[in-house]
Amino acid sequence: MSGRPAQATGSDRDVRRAWWSLALFVPSTVAAFVIGEGLAAAFGYADLVDVPVGVALAAGLPAILVFALPVAAVWYFGHRAVRRGHPQGRVPIIVAAVVGGGFLALNLLQLAMRLVL
């Protein structure tokens, strides 16, 4: 044993970058809420209780896209790690897909409930 730390390979760095990219969900969440609420307010609906479905879609879709941007970064680094022979790159991809899919499902459920009620 030489006492020197082992050199990280490119795939190791990609796995770490994929995990760190999950931290981008924090600012993307804030940005998504600012965009969604801001667009609804720009359409003249300060009170989000009585927003029509069309306005909810016009304000919600850009917000969902902004929220999902970290999924692209995690996907890129995770798949690059897997291509380089590091199968642990799939785990942050699954986490990002669950977080992004959960956010999308909650927003679609809210929209469906608004249509039904």
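For the structure itself, look to the data block above.
Cut-offs used in this document
- Residues numbered from 1 in each chain as written.
- Predicted model: local features only at pLDDT ≥ 70, side-chain atom pairs only at ≥ 80, totals over all residues.
- Heavy atoms only, no water.
- Salt bridge = Lys/Arg side-chain N within 4 Å of Asp/Glu carboxyl O.
- Helix = DSSP H or I, 4+ residues; strand = E, 2+ residues; numbered from the N terminus.
- Buried < 20%, exposed > 50% of the residue type's maximum accessible area, 1.4 Å probe, protein only.
- Axes fitted to C-alpha atoms, helices over the stretch in contact; angles between N-to-C directions.
- Parallel < 35°, antiparallel > 145°, perpendicular 65-115°, else oblique.
- Left-handed = near helix turned anticlockwise from the far one by under 90°.
- Contact = heavy atoms within 4.5 Å.
- Nonpolar A, V, L, I, M, F, W, Y, C, P; charged D, E, K, R; others polar.
- Phe/Tyr/Trp six-rings, centres within 6.5 Å; stacked < 30°, edge-to-face > 60°.

Caption draft 1: Geometry of the pattern of salt bridges. Under the defined criterion, the tally for this structure stands at three salt bridges. Among the salt bridges present, the one from Arg 17 reaches Asp 14, with a minimum N-O distance of 4.0 Å. With a gap of three residues between them, Arg 17 and Asp 14 both fall in helix H1 (residues 10-21), about one helical turn apart. With a relative accessible area of 39%, Arg 17 lands in the partly exposed category. Assessed through its relative accessible area of 0%, Asp 14 is described here as buried. Here Asp 14 ties to Arg 84 by a salt bridge, and the two come within 3.1 Å at their closest N and O atoms. In this pair, Asp 14 is assigned in helix H1 and Arg 84 in the loop between helix H4 (69-83) and helix H5 (90-116), connecting sequence segments 70 residues apart.

Caption draft 2: Region of interest: the packing of H4 against H5. As a packed pair, H4 and H5 sit with axes 8 Å apart at the nearest point and diverge in direction by 160°. Between H4 and H5, the angle is such that the two are roughly antiparallel. Where H4 crosses over H5, the two elements pack in a sense that is left-handed. Between H4 and H5, the residues in contact are Val 71, Val 74, Trp 75, Gly 78, His 79 and Val 82 and Arg 90, Pro 92, Ile 93, Ala 96 and Gly 100, respectively. Counted by class, the contact of H4 with H5 contains seven nonpolar, three polar and one charged residues.

Caption draft 3: Up close: the environment of Gly 38. As for its position among the elements, Gly 38 is in helix H2 (residues 25-42). The sequence separation of Gly 38 and Ala 59 amounts to 21 residues, and the corresponding C-alpha distance is 8.0 Å.

Caption draft 4: The packing of aromatic side chains, seen in detail. Inspection of every chain in the model, using the stated rule, returns three aromatic pairs. Taking 5.2 Å as the distance between ring centres and 40° as the angle between the ring planes, the aromatic pair formed by Phe 25 and Phe 67 counts as tilted. Taken together, the residues span a long stretch of sequence, with Phe 25 in helix H2 and Phe 67 in helix H3 (residues 53-67) at a distance of 42 residues. The two residues Phe 25 and Phe 67 agree in class, both being buried. Between Tyr 76 and Phe 77, the aromatic rings sit 5.2 Å apart at their centres with planes inclined by 70°, giving edge-to-face as the arrangement. Here Tyr 76 falls in the partly exposed class, since its relative accessible area comes to 44%.

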